[in-house]
Every structure is written in C-alpha cells, then in structure tokens.
Amino acid sequence: MPTTPLPGIDTVRVAVRVRPFSQREKNSGSKCVISMHSRTTTTIQDPKNPEHRKTFTFDLAYWSHDGFQKDKDGVFISADPSSQFASQKDIFHDLGRGILDSAWQGYNATLLAYGQTGSGKSYSMVGFGANKGIIPNVCEELFQAIEKREGNQEYQVTFSMLEIYNEQIRDLLSRTKKPERLKVREDQQLGFYVDGLKSVPCENYAQIERLMEQGTKIRTTASTNMNASSSRSHMVITIQFKQVFLDRDLTKQSSINLVDLAGSERQKSSGSEGDRLREGSRVNLSLTNLGIVISALADAAMGKKVLHIPYRDSVLTKLLQPALGGNSRTTLIAAISPADICYEETLSTLRYAERAKKIQNKAVVNTSMLMREAEAENNKVLLACGNSRMAELPACLLADQSLGWQTGQVTWAHQLEQAREEWQQQYLAIAQERQMMETFPHLLNVNEDPQLTGVLKYFIQAGSCDAGRAASNAIPLLGLGITDKHASFTNVDGKVTVTPHSKCKVVVNGVPITTTTKLQHLDRVILGSSSAYLYIGFPSERGSEDLNRFDYDFFQLERAAVEGVSMDKLGAMSHGDGMADPSVLAVFQDYVKLMPLVAEANQMGEELEKGLRMELKVKNLASSDSRGYDLQKEVMVKVTNQRTQEVWIWSKAKFINRKFLMEELYQRFLEGEDSHVAQEDDPFWDPVEAVHLGSAHVWLQPLAYCMKLEEQVEFLSCDGTEEAMLHIHVTPCSPAGQACSEEDVVIDTAELLGKRMDFQIGLVRCLGIKWLKEGAERGIQMGYRMYDLSSTFYTKPVWKTVNPQIEETVQFTALNASQDFLNYLQTNALIVDLWGLQEGCAQLSCSQPDLMVTSEGHVMVDTKKISALVDTGQTTSDQTSELYMKLFKLEQETEQLRNVNRALREENVLLRQALEKIGSPQQAHEPSDALKVTQRTAHLLAARAKNDRPAPPAASSDRELTDALKIFYQSMNTARGRFLRLRHYKPPEDDRMLRPFVYQQSQRLRDVGELLDRSLQRLRSDVARIAKEKRACLLHPQQHPQADGLPQVCEERA
C-alpha cells in the first residue's frame, strides 16, 4: 500500500493582465497609466502626480493592451514579432496547462480571477467568440489528453457550476423552475461542500460546452428575475477528475476549481462613505471577507501571530478554504484596466494581488486504494441516509469491501446512462432553436455582462403574442417593471409591431412609446425599467451585420441622447485645444452607467409603495470657484418624497450602496416574505437635511479701491438655472462702521498696502426663491466664507417667505492689508451659498472657535502675519486684538522715525560741506543741498504728524478721476457678470433650434461688446477732460486759485 506523501509548501502563484481600452475609455480620451517592462513587473503611474510611480513584482505579467490584430478566424494575435501582446493562447499556455499538469498528478488545483467590473476577468476565464478563455481550453485539452491515453485505466470527469449572490448559492445546472437555496455543509473528511449540488458526468468537451451554455442561460434568467447584475456575483465551476488504475487497485482524485469573482469595486471601503447604512448590505460580504482571509494568511506566512482565520464568515471563503492555505495548488489572475480614470481601483487590485502571493498552501497528491474508496463512498451514503434506514440501503453498498470497486463501476455507468438521456433531449432542443432562429424574427437579450448577452431568445411567430410575467404568455418575461401583460407583438404580412399595454414602459431606439410601433431589423427595445433586447428581423432583412456593436452601452447612450444628456451639455469640449476634458467625460460615463440603476431603483420604490422619485443630477455642472474656474463635476442623485416633498441629495457611492439594500428588500417582497422594515433600517429613507440650492458670485474688485458695491446677483443651481436673486452690498467703512465717502477711493491698490481696511458685507434681501414656491413648509439660509477664514457665516433661518428680508451685516477688518489679500480682492469673488431647509432638519450654524476679533468686535481677516508674531493661545481674543493694533501702530511710527533719522544724517553731512564752502558766490543765488534736505525732513515730520490727524480733502481733479474710475469699474463688473452667464446657455439638441440659438448668443455677445465700448469711451473722455484741466492749471495757475498745490500733484500723476 502506498504511503501518503508529505505535503509540500506551495505559494499562491499570481499573474497580472492589463486589457485594451474599452470603447468608453477611448471616447473619454483616457491615458494609459500601466507599463510592464518585463514578464514579471507591473508599474502604475499616478495620473494626478506623474512623478509618483509604484512597481509590483509578480510571477507573471501579461501585456494585452495593444500590439494585436485579428486573424482570419477572428482570433487576436500579435501584430508583429516584436509585440509584447499576450493572447488567450499565451495565458492558457502558462496558467491553464499548469492546472492540467497538477490535475494529472493528483493535486487539487484552483484558479481565481480577481479585478474590478469590466477589467477583463470573464474574458480571461471564459473568453468571447473565437477567443476562448482558460476554462473552455482546460476542458477541451483535458479530454484530448484522455483520448490519447492507453493502458488499463479509466477516467471519470464530472462538471458542476454554481453562483454565489448575496450569500445565497444557486445551482446553475438545476432545471427546476424555482431552485432551492443550497446550503454549505461540513464533513470531517470532505471539509466544506455544497449539499444537493448537481454534478453531471461528461464524456467529451462538447458536453461540457453545452453545460456551460445551460448554466449561462440559467444565470441570465436568474439575474433578470432577481435584478442582480452578474458583476456582483461569484461563479464557481468545479471539475472532478478521477483516474482509476485498475491494474494497481489505485485511484487519483483531483478537484479543479475555476472561480470568476465578483467585481472588486463592490468591496471598496469608501463605497458607502457617509451613509448611515454602510454595514447593511450582504452583497459585499463574500469579497470583503475574502480580503480579510487573504490578509490574515499573508501575515501568517510572514511570521506574524494570527489567532484566527475567518473562513466561516462567508459562503465563498468556506468553499475556498482548500485553495487558500489548504490542500490545493492555487493561481490568481488579477485583471486590471489601463485607464487613468480607473487608477484607484487598479492600484487596489495590485495591492490585493501582492498580499495574495504571500499565502502558502500545503498541497498533497490525492490517492487512495479502490477498496478504501468504496468504504468511504458507503460511509457517505450512510451519513446521508441515517442509521435508521440501513435496512433499506442497496445490497451493493453493504457488500464485502473486496467488491467495492465493482460498486463504483456500476454507479459511474449508471450516472453516465442517465446523463446520455438528458444529452439526447438537449440536442433536440438545440436543433429546434437553431431552426426557429433561421425562420422567425426574434428578440435577443442584451446584458451588462457580455458573457450573458444573446443567451435568451424570444421568437415572434405569426399572429399576435403577449409578453409579460404571466406564465400563459407566449413570451414569458421577467424583470423590474414588467407586468403580467406588458406588451403585445404581432407578426402579420411580413411586418412586426409592438404595442404597450396600458401605461407599461416600452422604449424603442431610446424613445418611449405609447402606441403601436413597427419594428425594423436591429431596433433596440427596452421593456420595463432596464430589460434590453435587440430585435432580429425576418431572414430576408438580415445581412452580415456585426451585432456586437449593439452592446449594453449602446442602449444606454441612446437613451441618454434622447433625454438630452450629452458630453457637450456637460462641457466636455471646454478646453482651448479642442481636446475633450477627461474629468468631464468620466462624469458622463458615470451618468450613463447610473441611468438604468436609477430607473430600477424608482421601479422598486414604486412596487414597494415608497412614494419616492429619484433623478440624476450633475453637481457643479455650471458652478465655478471664487476665481471663475469650473469646479470638479460629479454625479449625484436627487431623491424626492412625492408625498411630503422632502428632498435628499445622495452621492454616487451612497446611491449604489442603497441600491444593494433596496435589492435585498425587494427580493424579500418578491418571495412573499415580510418586506416591512423599521424606518431607521429602510434604504429608501433618510433623516431630513439641508439641501444646497445654488451659489451666487459677488466680485470683490471694487473693494480693492475702497469703492462700495451694491447689486443684485443670481443664485444659480448646479445645472445653471436661476434659483433666486440676492440683493447684497459690500461697503468699505471706518472702524466705527461709517461708510467711506468717494474721497476715500484710491486709484492704486498699493496705497492700501500695510494699512487697516474695514468693510461690511450686508445681505439685504432674497427674491423669488423657487425652493419656497415648491413647498409650503420650507425655509432657507445663506452662508459664505471670507478669504482665509475657515468658518462659514450663516444667516438666520427664514421660513415660508418667498421674498424674505435678510438685513444681516458683518464687519470685517484687515489690520495690516497684505499684498496677497489685495490680490485676492482684485481677482476673486465672494461665493454666497443658498441652502434649503426642511421641516425637522437642523439649521446651519457657524462654529467660530478660531475666529479673531478686534476690540470693536469686528471679525479679523488676513491674519497670517499676525498669527506668526503672537501666540494666540496666551491671551483672550479682545486682549490680543488690542495688542495687535498697538503693535502695528508702533511699527509704523518706528519706520517713520527711521526715515527721519536717515534724512537728518544726510542733512548733517551736507551742512558740514556747506560750512566749508561759505563765501562762495553761488550760495547767494541757489538754495543749498542742506536746505533741500531740511525741507525733505520737514516733509517727513509733517507726514508723521499727518498720521495723527484726519487727512485733508483731496483735490477736485483727483475726485473727478476717482468718480470716472468708479463708474468704469461698475461697468466692468456688469460686463463680467453678463459674460460669465453666457457659459450657462447650452446649444439645443434639436437642429431646427440651432439657428435661433446662434442668433441669440450673437446678440448677447454684441450687447457685452457694446457695453465694453461705451465704458472705455467714457473713461477715455473723462481722462482726457481731467488731463486738459490739469494742463490748464499748470499753465495758468493764477486763473485757478482753487487748484493751489495742484502742480506737484499733476506732475506726479503725469
């Protein structure tokens, strides 16, 4: 009897494969952030910081991004000998053959495919079209090798296929209409196994191919019924391969597990950030726990102390226990996207793979003697039947152990006979389906997962046939929003039409229909919320079209276009170089991707009678920052309770998390279980909160010249529509709060540098608030932030008034105006945000722990230099502000004294020189240098004294120039506002409306141009007049006694 071999240490083998750009990524102008400089290294570049790169080393690295072409059979091959392209054949050669070699030796073998949705996992595992993946190639080559074997040996191959979704196991080979939920059991010898899972004996590859087609069809039907995307489920194919050596009374048993894991982005920790129900969904549980198990095993392999490996915490990890740290040779293939917009997900996948490669398994050759195997088989049957039924067991199972191998032979032969009968029935059904496809028009399903597209076929035979949920329909359909009698299809006189029943949702080529509509070959039909089908016309209408282009994205883009959502509307072509903005295109992709999900969520809410309406919005679609630059756009979901008019705004991540929870609740509803949940556990509910309605921009440039600004500005919503009008004033003032006069206006902002500036921001009134018009029990607040202050200043709440008086003013003080602050005033706007309040929500309040105030109680801004000089923690705010004022006053006086001292020194030197030259004739006619310096010193002293008393009024010409500049700045501010509003006008989708739109835009631009021309012309005229008057006063000062002292001013201005 052979001895059991000692287990060896096998680390998990890890390979990484990068796919080509998807069509969506190409349209987005995505850049590749992945590079592979050898067969083992993978480098990823941070698109936001190109200098930051990270390199990973794995067992294998496959470059499948570019450098390929199609051969005559449609197989992708290298474009030239120098290409690094890794084909499906290369992947199988390195990974698939390794699995087969392990199986022939008697080892268990496992292949796991990991990566985000759309990264190419299923393509590597299953393949597409002529490009077969690892699973079909492994099965085909296994039977080819069996056929070539000779000798006194027998080979037994069984095939099983299951899916794990939401911690539930579905047998994909079960033909029952309502399959039972299978359970995971544990046996001391067998470990974890799925009780009741169907395992089908196979004699050739063609049979396995049919089983995979059958499993895929059941998976497609189930995902439609459950409204569950295949990207959120795990598919496990298990091939049991037994070699029976009759001459040696010996068997070798190998279990080959091929696992296509769910999309990894579902387990991202930030996927439900900010959601009170972030731990609610079980959809993520399997992948999350798989990551925990892998991390724990990696730590154990590195010598760290690990107390517990949580295999039992999920269905997936129970079944994968042998593959992770157990009796198996395991390979993981990590599929990654090359696109910059997928950087975070790709980096996460690479880190996941890096942890997995540290895991150590203990694989052994699984051999046993035939008699011992028969005894184990008997024990399994006894365990299943129970001791009380021993008398009913077949005699062959209780016979002498020497006849055990004969029992095994009879059992295997019986299983094969049963399987052959099923195969015969399937072959007849397949032949009949192919004949009908060549005869009748039909509908082909289109799924988000390309592997599940074209699996379901619904034939439209002559006459009329109904489609819907009812079993009596000629076309039985399942899916969200599909009613018992949803629509009727008629096939009469070579024409096929579709007619929706009642108010049922039917969309043809992106356009909702309500009446009978004729279908053309390759029309796109959507029934219910998101069940998509491609119509295949009569054989005479068909050609050699490429049906692959009508994928799920095609359907959604078509719907988006009809609904008026396009990349142009989002501002994708806003770059001056004509290139598309990748960030905007990424938002467009998110929008299109979420459209069907929002439709499904609305339908679930309708059937569960939640009374909600969800709609997609683009945050910051028409919003800009304080300098006028576009803000980062992102997709969000606006949720409205149609009964109470309560509104919530959900982020993309929060909505996706909530939809998982909605699906769980909806599934309970479909299965007749109690779908009632407590309000705090209801995924359709949230506590009411303040809603951001829009923003208004108030440009601060006039304040930089001590000019008052008072105007009405628009509050613009996220999509650029007007929400309300704001009456606001920004007024320069004295420390006591008295408004500055026109005489205080400066021409050069440098005159304010280093000086104290006081100004008031007053919110006077808000007009025409749409939010308050739409709901009676609503209120509003406004908030803004000033320069470097971290706190937001909010107004008091106002309720139930459409045109409320606000009348709230805050005074700000810059004790020592810096150049940065003056630059800010010239180039930035004050952004005032409008918030909508709802009954029961908390009002917004300003937390002011770090605000500094002056002794008068005014809020201090531009405090960077001050903060560097004094430790604010040592004194109270009032004491500190007084110290600041005294300190800066002393600094200014000290600087003036330095200037006086410097002038006196110069005067002293010149006086000495003058004494030496006394008696010179020139001294009687020209003033000495000493006298000039003395005069300058007197000016400095006078200037110092001037700081201690109010300044005299400016000259009349200066006042006139100030008035002219003030008018010009106001005109420029108006022009700036009009020009910025031009961005919010988007071209219409209807070409017929394009000409009027262009005319209106041209008129608006012409108005702005005329305003600029008038403003400049008036400024030129005023400046010319003032210059003429000054010139006259210089030439004839006696005629202008009121201009005494102006010559020096005129010279300086000149």
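Residues numbered from 1 in each chain as written. Predicted model: local features only at pLDDT ≥ 70, side-chain atom pairs only at ≥ 80, totals over all residues. Heavy atoms only, no water.

Draft legend 1. Expanded view of the state of the cysteines. In this structure the tally under the stated criterion is zero disulfides. The thiol of cysteine 733 is unpaired, and the distance to the nearest cysteine sulfur, on cysteine 740, comes to 6.3 Å. (Disulfide = S-S within 2.5 Å.)

Draft legend 2. Inspection of helix H2 (residues 88–105) at higher detail. Over its 18 residues, H2 runs 25 Å from end to end, which matches the ideal 26 Å to within 8%, given 1.5 Å per residue. Residues of H2 that are buried include every one of Gln88, Ile91, Phe92, Leu95, Gly96, Ile99, Leu100, Ser102, Ala103 and Trp104, and no others. Positive backbone phi, at 100°, marks glycine 106, one or two positions downstream of H2. (Helix = DSSP H or I, 4+ residues; strand = E, 2+ residues; numbered from the N terminus. Expected span 1.5 Å × (residues − 1). Buried < 20%, exposed > 50% of the residue type's maximum accessible area, 1.4 Å probe, protein only.)

Draft legend 3. Local environment of the pattern of salt bridges. Across all of its chains, the model carries 27 salt bridges by this definition. One salt bridge in this structure joins lysine 659 and glutamate 600, with 2.8 Å as the shortest N-O distance. A residue pair is termed long-range when its members are at least 10 positions apart, and lysine 659 in helix H13 (residues 652–670) and glutamate 600 in helix H12 (residues 582–607) qualify at 59 residues. Using a relative accessible area of 8% as the deciding quantity, one classes glutamate 600 as buried. Note that arginine 658 and aspartate 686 form a salt bridge whose closest N and O atoms lie 2.8 Å from each other. (Salt bridge = Lys/Arg side-chain N within 4 Å of Asp/Glu carboxyl O.)

Draft legend 4. Molecular detail of unusual backbone geometry. Even without a glycine there, the phi angle at leucine 522 is positive, about 75°. Assignment of secondary structure puts leucine 522 in the loop between strand S30 (517–518) and strand S31 (524–527). In the Ramachandran plot, cysteine 706 falls in the positive-phi region, its phi being about 60° despite a non-glycine side chain. The class of cysteine 706 is buried, set by a relative accessible area of 13%.

Draft legend 5. Up close: the nonpolar core. By size, the foremost hydrophobic cluster in this structure holds 57 residues, and its most contacted members are Met786, Phe812 and Phe821. Those residues in contact with methionine 786, other than ones at most four positions away along the chain, are Leu700, Phe759, Ile761, Phe812, Phe821, Tyr824, Leu825, Leu830 and Val861. (Core = buried A, V, L, I, M, F, W, Y, C linked by side-chain atoms within 4.5 Å. Contact = heavy atoms within 4.5 Å.)

Draft legend 6. Expanded view of the pairing of S31. Neither face of S31 is open: one carries Arg524 and Ile526, the other Val525 and Leu527, and all of them are buried. When strand S28 (residues 506–508) meets S31, the two strands line up antiparallel, connected through three bridges. Looking across to S31, one finds that valine 506 is bridged to leucine 527. One ladder, built from four bridges, connects S31 with strand S32 (residues 531–536); its direction is antiparallel. Bridge pairing in S32 links leucine 527 to serine 531. Adjacent in sequence and paired antiparallel, S31 and S32 are bridged by three residues, among which glycine 528 carries a positive phi angle near 70°. (Pairing = 2+ DSSP bridges.)

Draft legend 7. Local environment of the environment of lysine 770. Following the sequence through the fold, lysine 770 ends up in helix H14 (residues 770–774). On a C-alpha basis, the gap between lysine 770 and glutamate 723 in space is 5.6 Å, while along the polypeptide they are 47 residues apart. The contacts of lysine 770, once residues within four sequence positions are left out, are Glu722 and Glu723. A distance of 3.0 Å separates the side chain of lysine 770 from the backbone oxygen of glutamate 722, its partner in a polar contact. (Polar contact = N/O pair within 3.5 Å; in protein donor to acceptor, adjacent residues only side chain to side chain.)

Draft legend 8. The arrangement of the confidence of the model for the protein chain in detail. In the predicted model, the protein chain carries a mean pLDDT of 81, and the fraction of residues at 70 or more is 79%. Between residues 266–272, whose pLDDT stays under 50, and residues either more than four places distant or in other chains, the model counts 19 contacts. (pLDDT = per-residue confidence, 0-100.)

Draft legend 9. Quick look at the packing of aromatic side chains. For the coordinates displayed, the defined rule picks out 18 aromatic pairs. Considering the side-chain rings of tyrosine 155 and phenylalanine 241, the 6.2 Å spacing of their centres and the 15° angle between planes classify their relative orientation as stacked. Separated by 86 residues along the polypeptide, tyrosine 155 in strand S12 (residues 153–165) and phenylalanine 241 in strand S17 (residues 234–245) bring together distant segments of the chain. Residue classification places tyrosine 155 among the buried positions, given a relative accessible area of 16%. (Phe/Tyr/Trp six-rings, centres within 6.5 Å; stacked < 30°, edge-to-face > 60°.)

Draft legend 10. Spatial organisation of the sheet that holds strand S35 (residues 647–651). The sheet built from three strands is open, its strands ordered S33-S34-S35 with antiparallel pairing. One side of each edge strand has no neighbouring strand; the edge strands of this open sheet are strand S33 (612–619) and S35. Sheet twist, expressed as the mean angle between neighbouring strand axes with direction ignored, is 25°. Lying over the sheet, H13 contacts S33, strand S34 (634–641) and S35, oriented at roughly 100° with respect to S35. (Axes fitted to C-alpha atoms, helices over the stretch in contact; angles between N-to-C directions.)

Draft legend 11. Focus on the sheet that holds strand S4 (residues 41–46). Read across the sheet, three strands follow the order S3-S4-S5 without closing on themselves; strand pairing throughout is antiparallel. Each edge of the open sheet is held by one strand with a lone partner, namely strand S3 (34–35) and strand S5 (49–57). Most of the contacts of helix H8 (residues 343–356) go to S4, to which it runs at about 145°, and overall it touches S3, S4 and S5.

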